[in-house]
Amino acid sequence: MSMTKLPLNEIFESIQGEGSFTGAPSIFVRLQGCPVGCAWCDTKHSWYLKPEDKTSFETVVAKGGDGDSWCDVEIDHLVTHLLTYQARHIVLTGGEPCLYDLVELTTKLISSGFSCQIETSGTFEIKVAASCHVTVSPKVAMKGGFKILDSALVRANEIKHPVAMQRHIDELDALLARLTPEQIATKKVYLQPISQQNRATKLAIDTCIARNWWLSIQTHKYLDIQ
Ligand code: SF4
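Residues numbered from 1 in each chain as written. Predicted model: local features only at pLDDT ≥ 70, side-chain atom pairs only at ≥ 80, totals over all residues. Heavy atoms only, no water.

Chemist: So what about unusual backbone geometry? Which residues, and what values?
Modeler: Going from Gly94 to Gly95, the amide bond is cis rather than trans, its omega being 10°. Relative to the assigned elements, Gly95 resides in the loop between β4 (89-93) and α3 (103-111). Its identity as a non-glycine residue notwithstanding, Ala141 has a phi of 55°, on the positive side. When you line up the elements, Ala141 lands in the loop between β6 (133-136) and α4 (150-155). By relative accessible area, Ala141 is classed as exposed at 67%. Here Asn212, not a glycine, exhibits a phi torsion of approximately 60°, which is positive. Of note, Asn212 is situated in the loop between α7 (198-211) and β9 (214-215). (Helix = DSSP H or I, 4+ residues; strand = E, 2+ residues; numbered from the N terminus. Buried < 20%, exposed > 50% of the residue type's maximum accessible area, 1.4 Å probe, protein only.)

Chemist: Could you give an account of the environment of Ser46, with specific residues and numbers?
Modeler: Positionally, Ser46 belongs in the loop between β2 (25-31) and α1 (57-63). As a C-alpha pair, Ser46 and Gln32 span 14 residues in sequence and 4.9 Å in three-dimensional space. Setting aside its immediate chain neighbours within four residues, Ser46 contacts Asn9, Arg30, Leu31, Gln32, Gly33, Cys34, Gly94 and Gly95. A polar contact of 2.6 Å, which involves the side chain of Ser46, links it to the backbone oxygen of Thr43. A polar side-chain atom of Ser46 sits 2.7 Å from the main-chain amide nitrogen of Gly95. (Contact = heavy atoms within 4.5 Å. Polar contact = N/O pair within 3.5 Å; in protein donor to acceptor, adjacent residues only side chain to side chain.)

Chemist: Explain the site of the ligand residue by residue, including any values.
Modeler: Around the ligand, the structure places Cys34, Val36, Gly37, Cys38, Cys41, Thr43, Trp47, Gly95, Ser121 and Lys139. Taken together, the residues of the shell around the ligand sort by class into five nonpolar, four polar and one charged. (Near = heavy atom within 4 Å. Nonpolar A, V, L, I, M, F, W, Y, C, P; charged D, E, K, R; others polar.)

Chemist: How would you summarise the pairing of strand β8 (residues 188-193) if you had to cite specific residues and measurements?
Modeler: Where burial is concerned, most of β8 is hidden: five out of the six residues are buried. Alignment of strand β7 (residues 158-163) against β8, held across six bridges, turns out to be parallel. Counted as the bridge partner of Lys160 is Tyr190 from β8. As defined by bridge partners, β8 adjoins β9 across two bridges and the pair is classed as parallel. From the neighbouring strand, Leu191 faces β9, where its bridge partner is Leu215. Handedness of the crossover joining β8 and β9 through α7 is recorded here as right-handed. (Pairing = 2+ DSSP bridges. Right-handed = clockwise from strand over helix to strand, strands pointing away.)

Chemist: Any chance you could break down a nonpolar patch on the surface for me, citing the residues and the numbers?
Modeler: Among the surface-exposed residues, Ile15, Leu223 and Ile225 lie close enough to one another that they form a single nonpolar patch of about 250 Å² accessible area. Tracing the backbone through its elements, the reader meets Ile225 in the segment after α8 (219-222). The partly exposed category is assigned to Ile225, whose relative accessible area is 34%. (Patch = residues over 30% accessible without salt bridge, like charges linked within 9 Å, V, L, I, M, F, W, Y side chains within 5 Å. Areas by Shrake-Rupley, 256 points an atom, 1.4 Å probe, with all protein chains shown as cover. Salt bridge = Lys/Arg side-chain N within 4 Å of Asp/Glu carboxyl O.)

Chemist: Break down the pattern of salt bridges for me, citing the residues and quoting the values.
Modeler: Taken as a whole, this structure holds 11 salt bridges when the rule is applied. A salt bridge links Lys160 to Glu119; the nearest nitrogen and oxygen atoms lie 3.5 Å apart. Of the two residues, Lys160 is situated in strand β7 and Glu119 in strand β5 (residues 115-120); the sequence distance between them amounts to 41 residues. Where Arg167 meets Glu171, a salt bridge forms, and the shortest distance between an N and an O atom there is 3.1 Å. Of this pair, Arg167 and Glu171 both sit in helix α5 (residues 166-176), four residues apart, which is roughly one turn of the helix. Accessibility expressed as a relative area gives 46% for Arg167, which makes it partly exposed. One salt-bridge network, in which partners are shared between bridges, spans Glu18, Glu119 and Lys160.

Chemist: Give a detailed account of α7, specifying residues and quantitative values.
Modeler: For α7, with 14 residues, the first-to-last C-alpha span of 20 Å sits near the 20 Å given by 1.5 Å per residue. Within the sequence span of α7, burial applies to Ala200, Thr201, Leu203, Ala204, Thr207 and Cys208. The buried residues of α7 occupy an angular sector of 165° when the element is viewed end-on, so they sit on one face. Seen from the open side of α7, the exposed residues pointing more than 90 degrees away from its buried face are Asn198, Arg199, Lys202, Ile209 and Ala210. Looking at the packing, one finds that the buried side of α7 touches β7, α5, β8, β9 and α8. Positive phi appears at Asn212, one or two residues downstream of α7, with a value of about 60°. (Expected span 1.5 Å × (residues − 1). Arc of directions from axis to C-beta.)

Shown next as structure tokens:
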């Protein structure tokens, strides 16, 4: 059953800096809540649904990024609000957006003329419209103890793996081994250096060339935009 309300942390309009849609003017819709527990997470403000941080939709929309505050928003109200922005590409992110059933939201966004992308850790079942672009950025062996689901790997349109050391390449190989060659052929596989570290970037470049994978750079961080 789809949810009629979703917990929202922030909305902002920017340029998509990563993966297949790099360069696309986008509206980022950050949902609140994530139990995955990545040590290097740069959106820790989206982890908890604390009652004392709950506020109004207007406050969340006005606050800009990085605050712990969140609100419940009706899906119809959210879609109507998103139509007031210029961009027509939506990025659903978190937090971990796949904590929630997003079929109704993504279906309504697409029927309203948006293209729709979701970014998920792959640790929860992905419930979105069939034409929603799914980016799985697998978070392996994180503190929360969640496993990467086969169903998430199969559904992914792109697999964008964060990398800082050889161990992360090995993790990606183990994940791809769970797919058939035919399934892998339907996806773009990216390495994305963690935190713009020089060593991570060099490892990612060398490995992408050797393996015919794609490089995803967090261009928004180099540009110092949100
Ligand atoms: S899955 Fe994403 S939001 Fe959750 S802890 Fe990891 S990086 Fe942060």
